Amino acid sequence: ALLAALTHSNRWHRLMAARVLAERASPEWVAHLKEWVVAHDAPIAALWALHQAGGLDEPLAVRLIEHPSALIREWSVRLLGDRRRIGGLLFNAWLHRIPRETEVRVRAQMAATARRLPAHQALPLVAALVSHDEDVRDPCLPLLCWWVVESHWPSARPAVLNLWKTDDLWKSPMARESLLGRLMRRCALQGR
């Protein structure tokens, strides 16, 4: 009944079912929720229940970044990013997914999550995100990318400057229009 309630049309029922499942978490429940979340028709409430039960781990998140549901991809990035540190395998999976990611909401969540990560992971994610030329006029994504770069300036100044050593970033309209000018203004305000 609790699993069925995860697909209920009423949001309250879904949230309460996820909470009760998390409170009653057992290895069997967690294993079942993992199988269900990987399935193509999994409701997002199943992912929330799994996370609350402590079953959303990095190996599963590596699989979920390729899930057909954009909502599952988006929330797996959000929930793992809240930890503020990800392993190399998950970082590489995200980095390889960005060029193929078709949903702007998933890319936006990756940018928001990158803000929480250390510079050695955050900046390569931003460099990959700005390669999506179709996002240059998006009202949020360019600013989210700038937010990441700004958060690591000046503490990771060499890493930020190293971004500009490749031709790819110079060719990106989003990098030129949204990042470079803001970075120059930031430097000018600091008198550098």
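Residues numbered from 1 in each chain as written. Predicted model: local features only at pLDDT ≥ 70, side-chain atom pairs only at ≥ 80, totals over all residues. Heavy atoms only, no water.

1. Quick notes on the environment of Asn 162
Line of reasoning, step 1. Within the secondary structure, Asn 162 sits in helix H11 (residues 157-163).
Line of reasoning, step 2. Taking relative accessible area as the criterion, Asn 162 reaches 40% and is therefore assigned partly exposed. (Helix = DSSP H or I, 4+ residues; strand = E, 2+ residues; numbered from the N terminus. Buried < 20%, exposed > 50% of the residue type's maximum accessible area, 1.4 Å probe, protein only.)

2. Examining the packing of aromatic side chains
Line of reasoning, step 1. Using the criterion set out here, one finds two aromatic pairs in the structure.
Line of reasoning, step 2. On the numbers, 5.4 Å between centres and 80° between planes, the contact of Trp 48 with Trp 75 is edge-to-face. With Trp 48 in helix H4 (residues 44-52) and Trp 75 in helix H6 (residues 70-81), this residue pair connects regions lying 27 residues apart in the sequence.
Line of reasoning, step 3. Among the residues examined, Trp 75 registers a relative accessible area of 24% and is labelled partly exposed. (Phe/Tyr/Trp six-rings, centres within 6.5 Å; stacked < 30°, edge-to-face > 60°.)

3. Examining the pattern of salt bridges
Line of reasoning, step 1. According to the stated counting rule, one finds 13 salt bridges in the structure shown.
Line of reasoning, step 2. A salt bridge links Glu 150 to Arg 186; the nearest nitrogen and oxygen atoms lie 3.3 Å apart. Remark: Arg 186 occurs in helix H13 (residues 173-189) and Glu 150 occurs in helix H10 (residues 141-151); sequence separation between them is 36 residues.
Line of reasoning, step 3. Looking at Arg 186, the relative accessible area reads 22%, which means it is partly exposed.
Line of reasoning, step 4. Overlapping salt bridges, with partners in common, bring together Glu 66, Arg 73, Arg 97, Arg 100 and Glu 101 in one network. (Salt bridge = Lys/Arg side-chain N within 4 Å of Asp/Glu carboxyl O.)

4. Side note on helix H8 (residues 104-114)
Line of reasoning, step 1. With respect to burial, H8 is a largely interior element, nine of its 11 residues being buried.
Line of reasoning, step 2. Turning to H8, its buried residues are Val 106, Arg 107, Ala 108, Gln 109, Met 110, Ala 111, Ala 112, Thr 113 and Ala 114.
Line of reasoning, step 3. Along its buried surface, H8 packs onto H6, helix H7 (88-97), helix H9 (119-129) and H10. (Contact = heavy atoms within 4.5 Å.)

5. What to know about the confidence of the model for the protein
Line of reasoning, step 1. Averaged over every residue, the pLDDT of the protein is 87; the share at 70 or more is 99%.
Line of reasoning, step 2. Confidence, read as mean pLDDT per element, is least for helix H1 (residues 2-5) in the protein (73) and greatest for H8 (95). (pLDDT = per-residue confidence, 0-100.)

6. Re H9
Line of reasoning, step 1. In terms of burial, H9 is a largely internal element, eight of the 11 residues being buried.
Line of reasoning, step 2. Taken together, the buried positions of H9 are occupied by Ala 119, Gln 121, Ala 122, Leu 123, Leu 125, Val 126, Ala 128 and Leu 129.
Line of reasoning, step 3. On its buried face, H9 is in contact with H7, H8, H10, H11 and H13.

7. Considerations on the nonpolar core
Line of reasoning, step 1. Leu 6, Leu 47, Trp 94, Val 130, Cys 145, Trp 164 and Leu 179 are the most contacted members of the largest nonpolar core, which has 65 residues in total.
Line of reasoning, step 2. In this structure, Leu 47 is in contact with Val 37, Leu 56, Leu 64, Ile 72, Trp 75, Ser 76 and Leu 79, ignoring residues within four places of it in sequence. (Core = buried A, V, L, I, M, F, W, Y, C linked by side-chain atoms within 4.5 Å.)

8. Brief notes about the side chain of Ser 76
Line of reasoning, step 1. By the secondary structure assignment, Ser 76 is in helix H6.
Line of reasoning, step 2. By relative accessible area, which is 1% here, Ser 76 ends up buried.
Line of reasoning, step 3. Of the polar contacts made by the side chain of Ser 76, one reaches the backbone oxygen of Arg 73; its length is 2.9 Å.
Line of reasoning, step 4. With sequence-adjacent residues up to four places away left out, Ser 76 is seen in contact with Leu 47 and Leu 64. (Polar contact = N/O pair within 3.5 Å; in protein donor to acceptor, adjacent residues only side chain to side chain.)

9. A look at the side chain of Glu 101
Line of reasoning, step 1. Along the polypeptide, Glu 101 turns up in the loop between H7 and H8.
Line of reasoning, step 2. Among the residues examined, Glu 101 registers a relative accessible area of 2% and is labelled buried.
Line of reasoning, step 3. Polar side-chain contacts of Glu 101 include one of 2.8 Å to the side chain of Arg 73.
Line of reasoning, step 4. Discounting residues that sit within four places of it in the chain, Glu 101 has contacts with Arg 73, Val 106, Arg 107 and His 132.

10. Here's the deal with unusual backbone geometry
Line of reasoning, step 1. A cis amide bond, omega 0°, links Trp 153 with the succeeding residue Pro 154.
Line of reasoning, step 2. Along the chain, Pro 154 turns up in the loop between H10 and H11.
Line of reasoning, step 3. Phi is positive for Arg 84, which is not a glycine, with a value near 70°.
Line of reasoning, step 4. Mapped onto the fold, Arg 84 is located in the loop between H6 and H7.

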